[in-house]
Amino acid sequence: MARYLLRRFAFLLVSLALASVVLFALLRMLPGDPANALTSVGASPEQIAAARHSIGSDRPLPEQFTHWIAQMASGDLGTSFVSSLPVGPEISARLDVTVPLTLAAFVLAVLVAVPAGFVAAYKRRTWYGALLSGVSQLGIAIPVFWLGMILIAVFALNAGWLPSGGFPPDGWADPAEAVRALVLPVVTIALVMSASLIRYVRSATLDVLGSDYLRTSRALGSSFARAMWRHGLRNASVPVISILGIELASTLLGAVVVESVYALPGLGSLLANGISQHDYPVIQGVLFVSTLAVLLIGFVADLVQRIIDPRLRGRLSGGTR
């Protein structure tokens, strides 16, 4: 296990380093000059040159990259070109919205998708099993921003039960108001995510229901519930866990859409503002933190799979199947 963890950790560091290089290079290839955000319209060439010098964008690219890596190695994500504020604390403040939003939506989606996917597979020949499969297909086709606007119109504008957008200025100082502000965004993400998860849970369950080991267990006298609990659940959960990791990572990265619909001051809106202003430190900081989170989620999902599946545990010690 220790050897596997070291190998996976080394792979994570290499992936993060490569992602940093790609991120830095692609960002410099985008059209636009970050110095324009610091100067007024019609600025003279001398003023633009002074702005470039003040933010260091006139230095050679290798020097800029080395400086950025050295900053991150010391825990400093840089300073915003526009606001002159440290990027790290700004990201931390935005994570207070994005992380609860993502985790709550993920938990709700799992609570909906796992039983619904099992029922859709086990009762696939009934009308409600077919209905669950059809609803999941429809949910995948619905754009998340369109679903968000529908929920705002129904539950905020018409019924007046929940706020249509925004977040309390004091953040989580008033937990009740903060939770009310996140209800509709959480439901929006969870509905779209659960529609996708239902398909994967259904597929994994169908594989288990048609397996020889489940039929053998039933033939030896085990009830269906006992056979599923002892043999089916573990085998079905292995591919689902991989999908859960992907869905959680994609939800974190895709929060910008939902945060824009509900005017939430989260990580997505910070990234959108940074892109519009060509604020390189903000863009680099947000994408670096997001990439790190995605790699960590993948690492945890991979580790959980190997803990659950004995065949994968054998690989940890160099064994063969």
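Our structure is the block above this text.
Residues numbered from 1 in each chain as written. Predicted model: local features only at pLDDT ≥ 70, side-chain atom pairs only at ≥ 80, totals over all residues. Heavy atoms only, no water.

K.L.:
Please clarify how the environment of V282 should be interpreted in this entry.
P.N.:
Of note, V282 is situated in helix α12 (residues 280-308). In the structure, V282 is positioned 24 residues away from V258 in sequence and 20 Å away in space, judged by C-alpha atoms. With near-sequence residues (within four places) excluded, V282 lies in contact with S80, V87, L270 and G274. (Helix = DSSP H or I, 4+ residues; strand = E, 2+ residues; numbered from the N terminus. Contact = heavy atoms within 4.5 Å.)

K.L.:
Looking at this model, I keep getting lost on the nonpolar core. Mind explaining?
P.N.:
Nonpolar side chains in soluble globular proteins tend to end up buried together. Within the largest apolar cluster, 42 residues are counted, with the highest numbers of intra-cluster contacts made by F167, L182, L197, Y262 and L264. Secondary structure elements with two or more residues in this core: α4 (87-122), α6 (144-158), α7 (175-209) and α9 (224-253). Tallying contributions element by element places α7 first for this core, with 14 residues. The contact partners of Y262, leaving out residues within four places of it in the chain, are G148, L151, I152, S164, G165, G166, L184, P185 and T188. Core analysis: the next-biggest nonpolar cluster, separate from the first, contains 19 residues, W68, L77, F81 and L270 among them. (Core = buried A, V, L, I, M, F, W, Y, C linked by side-chain atoms within 4.5 Å. Buried < 20%, exposed > 50% of the residue type's maximum accessible area, 1.4 Å probe, protein only.)

K.L.:
Would you explain the side chain of T188 in this entry?
P.N.:
Structurally, T188 is set in helix α7. For T188, a relative accessible area of 1% translates into the label buried. There is a polar contact of 2.8 Å between the side chain of T188 and the backbone oxygen of L184. In this structure T188 touches V144, L147, G148, L151 and Y262, once residues within four positions along its chain are discounted. (Polar contact = N/O pair within 3.5 Å; in protein donor to acceptor, adjacent residues only side chain to side chain.)

K.L.:
Help me understand helix α3 (residues 61-73) in this model?
P.N.:
An α-helix turns once per 3.6 residues; consequently, residues spaced three or four apart project the same way. With 13 residues, α3 should reach 18 Å at 1.5 Å per residue; the first-to-last C-alpha distance of 18 Å fits that figure. Every buried residue of α3 is listed here: Q64, W68, Q71 and M72. Looking down the long axis of α3, one finds its buried residues gathered within 95 degrees of arc, a one-sided arrangement. Among the exposed residues of α3, those pointing more than 90 degrees away from its buried face are P62, T66 and A73. (Expected span 1.5 Å × (residues − 1). Arc of directions from axis to C-beta.)

K.L.:
Explain the packing of helix α1 (residues 2-29) against α3 here, please?
P.N.:
Two measures define how a pair of helices packs: the angle their axes make with one another and the distance between the axes. At a minimum axis separation of 11 Å, α1 and α3 run at an interaxial angle of 135 degrees. Of the possible angle classes, the one that applies to α1 and α3 is oblique. Considering how the two elements wind past one another, α1 and α3 form a crossing that is right-handed. Residues S20, V21, L23, F24 and R28 of α1 lie in contact with α3, whose contacting residues are L61, Q64, F65, W68, I69 and M72. Classifying every residue of the contact of α1 with α3 by side-chain character gives eight nonpolar, two polar and one charged. (Axes fitted to C-alpha atoms, helices over the stretch in contact; angles between N-to-C directions. Parallel < 35°, antiparallel > 145°, perpendicular 65-115°, else oblique. Left-handed = near helix turned anticlockwise from the far one by under 90°. Nonpolar A, V, L, I, M, F, W, Y, C, P; charged D, E, K, R; others polar.)

K.L.:
Even after reading the chapter, I still don't get the packing of α4 against helix α5 (residues 127-141), so can you show me in this structure?
P.N.:
Packing of α4 against α5 leaves a shortest axis separation of 8 Å and a crossing angle of 130 degrees. It follows from the interaxial angle that α4 and α5 lie oblique. Read as a crossing pair, α4 and α5 show a hand that is left-handed. Along the contact surface, α4 presents A116, V119 and A120, while α5 presents Y128, G129, L132 and S133. Among the residues forming the contact of α4 with α5, the class breakdown is five nonpolar, two polar and no charged.

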